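Residues per chain are reported as follows:
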Amino acid sequence: MNVLILTGAGISAESGIPTFRDANGLWEGHAFEEVATPQGFARNPELVQEFYNQRRRALLNPEIRPNAAHVALAEFERDHLEHGRGDFLLVTQNIDNLHQRAGSQNVLAMHGQLLQARCTYTEEVFDWTADLTADTPHPEDPDNDALRGCLRPNVVWFGEMPIGLTRIEKAATQADLFLAIGTSGVVYPAAGIVAQTSPECRRIEVNLDDTPASNAFDETIRGSASVEVPKLLNHFKAM
């Protein structure tokens, strides 16, 4: 059984990580054009850097930990692969590292990772836990003033191409089981993954509420991910 998992902000919210968008469409008080587009970064890099600095600091808070859903997914993956039951890919829209910290191995972070920085000149990616500013030196050439401030968060902004779309499409077309957990069903291309699965694929959505994509699933489970995901995965492990 080939398994494809998609996770969204709902799974991380239970670990204390706020979602970007509020009911008014603002991201922590900012329009997304200001803090989540290449144009916004070009206009006001200090604002954008500080926006992600705050989120990075929050993620590094020791109180932020993987919850039961993250742990259950990691354990399910390990059991699935150890017993040779098929392929497994976990695609996440989240930019935190909670899946990896829980022990998941085959994680594709399609919107990038907050604890990484990317060079705007070379596209090199570096693990990163400190703040970024307009004066941050390049980690491989710290004395080169021309490279100061060339780092940006390694996250995918609106108008940029998500990571790994070809791999995701291949996994979707070959999946026997597709689980969407804590996703809004409104952000594309992630919301379109369910449509890439075959008619024979079993599609299950786990979310607190209905989403615009709910009708595309064979089954919908309403409830918190930390409660419903372990129960659901235990069911499949017992099969």
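See above for the structure.
Rules and cut-offs
- Residues numbered from 1 in each chain as written.
- Predicted model: local features only at pLDDT ≥ 70, side-chain atom pairs only at ≥ 80, totals over all residues.
- Heavy atoms only, no water.
- Axes fitted to C-alpha atoms, helices over the stretch in contact; angles between N-to-C directions.
- Helix = DSSP H or I, 4+ residues; strand = E, 2+ residues; numbered from the N terminus.
- Parallel < 35°, antiparallel > 145°, perpendicular 65-115°, else oblique.
- Left-handed = near helix turned anticlockwise from the far one by under 90°.
- Contact = heavy atoms within 4.5 Å.
- Nonpolar A, V, L, I, M, F, W, Y, C, P; charged D, E, K, R; others polar.
- Phe/Tyr/Trp six-rings, centres within 6.5 Å; stacked < 30°, edge-to-face > 60°.
- Buried < 20%, exposed > 50% of the residue type's maximum accessible area, 1.4 Å probe, protein only.
- Lys NZ or Arg CZ within 6 Å of the ring centre and 35° of its normal.
- Core = buried A, V, L, I, M, F, W, Y, C linked by side-chain atoms within 4.5 Å.

Chemist: Is there a simple way to explain the packing of helix H5 (residues 68-82) against helix H9 (residues 225-237) in this structure?
Modeler: Helix-helix packing is described using two parameters, namely the angle between the two axes and the distance between the axes. Taken N-terminus to C-terminus, the directions of H5 and H9 make an angle of 20 degrees; their axes are 7 Å apart at the nearest point. Put simply, H5 runs roughly parallel to H9. Relative to H9, the crossing made by H5 is left-handed. Judged by residue contacts, Ala68, Ala69, Ala72, Leu73, Phe76 and Asp79 of H5 engage Ala225, Ser226, Val229, Pro230, Leu233, Phe236 and Lys237 from H9. In the contact of H5 with H9, the residues fall into 10 nonpolar, one polar and two charged.

Chemist: Can you help me understand the packing of aromatic side chains in this one?
Modeler: Each aromatic ring pair is summarised here by two numbers: the centre-to-centre distance and the angle between the ring planes. Taken as a whole and assessed by the stated rule, the structure comprises six aromatic pairs. Between the aromatic rings of phenylalanine 51 and tyrosine 52, the centroid separation amounts to 5.0 Å while the plane-to-plane angle is 80 degrees, which identifies the pairing as edge-to-face. Given the relative accessible area of 3%, phenylalanine 51 is considered buried. Between phenylalanine 76 and phenylalanine 88 the ring centres are 6.3 Å apart and the planes differ by 55 degrees, which places this aromatic pair in the tilted class. One end of the pair, phenylalanine 76, is in helix H5; the other, phenylalanine 88, is in strand E2 (residues 88-92), and 12 residues separate them in sequence. Taken together, the aromatic side chains of Phe41, Phe51, Tyr52 and Trp157 make up a single cluster linked through ring pairs. Over the face of the ring belonging to tryptophan 157 we find arginine 152, whose NZ or CZ atom lies 3.7 Å from the ring centre.

Chemist: Teacher, can you tell me more about the side chain of threonine 183 here?
Modeler: Relative to the helices and strands, threonine 183 resides in the loop between strand E7 (177-181) and helix H8 (193-196). Overall, the relative accessible area of 9% leaves threonine 183 in the buried class. In this view, threonine 183 contacts Leu6, Thr7, Gly8, Gln93, Asn207 and Thr211; residues no more than four positions away in its chain are not counted.

Chemist: Got a minute to help me understand the nonpolar core in this structure?
Modeler: Among soluble globular proteins, nonpolar side chains are generally buried collectively. Of all hydrophobic cores here, the largest spans 20 residues; its most connected members are Ile5, Leu73, Leu179, Ile181, Ile204 and Val229. Going through the elements one at a time, strand E1 (3-7), H5, E2, E7, strand E8 (202-207) and H9 are the ones with two or more residues in this core. Per element, the largest residue contribution to this core is five residues, and it comes from H9. Aside from chain neighbours lying at most four places away, what touches isoleucine 181 is Ile5, Leu6, Thr7, Gly8, Ile11, Leu73, Val206, Ala225 and Val229.

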